[in-house]
Amino acid sequence: MTIGFTSRAAVSTCALCAAGLLALTPATTSAGTRAGPAPSPGHGVRAAVKPRTAGPAAPDSLLYRSGTQVRPLAGAPGVPELSARSWLVADADSGEVLAAHDAHRRLPPASTLKTLFALTVLPVLPSGIRHTVSEEELTGIGPGSSRVGVAEDLTYRVSDLWNGVFLSSGNDAVRVLASLNGGWEATAERMQAKARALGAHDTQVESPDGYDAPGQVSSAFDLAVFGRAGLQRPDFVRYCSREEAMFPGRDGASYGIRNTNRLLTGSDGVERYPGIVGIKNGYTSGAGHTLVAAARRDGRTLVVTVLNPRWGGGDAVYEEARALLDWGFDASGRVDAVGSLDALRVKSLPGPEARPAATPAPVAVPAARDHAPGRPVPWTIAGAALLGAAGVALFLRFRRGPVVPD
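Definitions and cut-offs
Residues numbered from 1 in each chain as written. Predicted model: local features only at pLDDT ≥ 70, side-chain atom pairs only at ≥ 80, totals over all residues. Heavy atoms only, no water. Core = buried A, V, L, I, M, F, W, Y, C linked by side-chain atoms within 4.5 Å. Buried < 20%, exposed > 50% of the residue type's maximum accessible area, 1.4 Å probe, protein only. Helix = DSSP H or I, 4+ residues; strand = E, 2+ residues; numbered from the N terminus. Contact = heavy atoms within 4.5 Å. Salt bridge = Lys/Arg side-chain N within 4 Å of Asp/Glu carboxyl O. Phe/Tyr/Trp six-rings, centres within 6.5 Å; stacked < 30°, edge-to-face > 60°. Axes fitted to C-alpha atoms, helices over the stretch in contact; angles between N-to-C directions. Parallel < 35°, antiparallel > 145°, perpendicular 65-115°, else oblique. Left-handed = near helix turned anticlockwise from the far one by under 90°. Nonpolar A, V, L, I, M, F, W, Y, C, P; charged D, E, K, R; others polar.

Participant: How do you make sense of the nonpolar core when you look at a structure like this?
Facilitator: Generally speaking, a soluble globular protein has its nonpolar side chains buried in company with each other. Leu88, Val150, Trp162, Phe166, Phe226 and Leu341 are the most contacted members of the largest nonpolar core, which totals 66 residues. Among the elements that line this core, the one with the most residues is helix α6 (residues 220–231), at eight residues. Excluding residues within four positions of it along the chain, Leu88 makes contact with Val97, Ala99, Ala100, Ala103, Ala220, Phe221, Ala224, Val303, Val304, Thr305, Leu324 and Leu341.

So, in structure tokens, the structure goes:
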């Protein structure tokens, strides 16, 4: 039996085979890329896959507009007239912002930034740890800083230091806790990362204790985010709502300290607010008086931020916070939200499901990681070339004459 091909048929066959193989290559390469990233150097397990995240909301939100923002319904009470440069009142449970004034205006936060410090460090330092303070840990405290009285060569429990942070706003206690957390700069970096994860994009951390530093700012929005996040931690609530505590002194003695948040303690001419939870107050010459406060009433919890009242003296920050809390409870169900404290928070979007770090890495084609998806990898090109060469050889043989089997 005689088998033969025309030259045109042979060339066509070779071309079709090569083109078909190359057409399939992008799909093969992409599939190899989707198999996952390469194992981390020095590890035999696959790193956890990070879910895709949403970026910040568009800046045309009402909360980015200047002036007072409120959406009253029928029967809503009027928003109080306040002197603060920036303020905000929100429902701590839902995150809905009921009203705000220049919510994203960046201003020095003073010691209200200690809320972010606590959110960052509380989870990593067990309260029962005992630590003897060194001289180096108390260096660098800014002149005029508030202190609780931490002394070198004395041993403190971590819980004692947290009392010093929340009640006395002690920058000396912050210094020691930051040292236990890896150092001053490392703590600032971790605070910055925590702020971004919570959706606080106005905050720039330079000094973890809130002491005035060039470039250090936050906003009424961000500080309300920190206060609300703190309310979800029992240890945070325990410290920020504590009015008095005993602090260790020398020779085994202790002395009493009292919370400087007058809205919580009802002192120095400021009446205690009914249902007050506490949180944190602050003051520096650069920031003026600042306050993050929360209160509960009839099953609702509100969080307010007041930054730098321009008149009324040192009590104004408390009285303006009181007015906002009163208005927020009265306005329940009679205003529409002007924004959300969750608006800028990092959120998971539909995508590859995260895997535990200990999950064994799947076998992947190494070459697929070295080339852009959709482009032929070297072994594919080589295969196409071999197929083409074989086709040409077969064509040349056919030109010499028919093939007759033995």
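Participant: Can you walk me through helix α3 (residues 158–166) in this structure?
Facilitator: Since there are 3.6 residues in each turn of an α-helix, residues three or four apart along the chain are aligned in direction. When you tally the buried positions in α3, you get nine out of nine residues, the bulk of the element. Buried within α3 we find Val158, Ser159, Asp160, Leu161, Trp162, Asn163, Gly164, Val165 and Phe166.

Participant: Would you take a moment to explain the pattern of salt bridges for this structure?
Facilitator: Once their charged atoms are close, side chains differing in charge can pair, the charge on each being opposite to the other. Enumeration over the complete set of coordinates arrives at twelve salt bridges. In this structure, the salt-bridge partner of Arg258 is Glu244, at a minimum N-O distance of 2.7 Å. On the criterion of sequence distance, the pair formed by Arg258 in strand β7 (residues 254–258) and Glu244 in strand β6 (residues 244–248) is long-range, its members being 14 residues apart. The exposure class assigned to Glu244 is exposed, which follows from its relative accessible area of 52%. One salt bridge in this structure joins Arg297 and Asp326, with 3.7 Å as the shortest N-O distance. Of this pair, Arg297 sits in strand β9 (residues 288–297) while Asp326 sits in helix α9 (residues 316–330), placing them 29 residues apart in sequence.

Participant: Teacher, can you tell me more about the packing of aromatic side chains here?
Facilitator: Geometry of an aromatic ring pair is reported as the spacing of the ring centres plus the angle between the planes. A complete count under the given rule lists seven aromatic pairs for this structure. Relative to Phe247, the ring of Tyr156 lies with its centre 5.4 Å away and its plane at 35 degrees, an arrangement referred to as tilted. With Tyr156 in strand β5 (residues 155–157) and Phe247 in strand β6, this residue pair connects regions lying 91 residues apart in the sequence. By the burial criterion, Tyr156 is buried, and Phe247 matches it. Here the aromatic rings of Trp162 and Phe166 are separated by 6.2 Å at their centres, their planes lie at 45 degrees, and the arrangement is tilted. Taken together, the residues span about one helical turn, with Trp162 and Phe166 both in helix α3 at a distance of four residues. Three or more aromatic residues link up through ring pairs in this structure, and these residues are Phe117, Trp162, Phe166, Phe236 and Tyr239.

Participant: It is not clear to me how the packing of helix α2 (residues 114–121) against α6 should be interpreted in this structure. Could you clarify?
Facilitator: Where α2 contacts α6, the two axes come as close as 9 Å, and the packing angle between them is 45 degrees. The angle between α2 and α6 falls in the class oblique. As for how α2 packs across α6, the hand of that crossing is left-handed. Across the interface between the two elements, Thr115, Leu116 and Leu119 of α2 pack against Leu223, Phe226, Ala229 and Gly230 of α6. The residue inventory of the contact of α2 with α6, partitioned by class, reads five nonpolar, two polar and no charged.

Participant: Quick question: what am I supposed to make of the environment of Gly269 here?
Facilitator: Along the chain, the position of Gly269 falls in the loop between α8 (262–265) and β8 (276–284). For Gly269, a relative accessible area of 73% corresponds to the exposed category. Along the sequence, Gly269 and Asp315 sit 46 residues apart, while their C-alpha atoms lie 8.1 Å from each other.

Participant: Which parts of the structure should I look at to understand unusual backbone geometry?
Facilitator: Most peptide bonds take the trans form, and the phi angle of most residues other than glycine is negative. In this model, Asp298 sits at a positive phi of 50 degrees, which is unusual for a non-glycine residue. For Asp298, the position within the fold is in the loop between β9 and β10 (300–309). We classify Asp298 as exposed; its relative accessible area is 77%. A positive phi is found at Asn308, a non-glycine position, where the angle reads about 55 degrees. Structurally, Asn308 is set in strand β10. For Asn308, a relative accessible area of 19% translates into the label buried.

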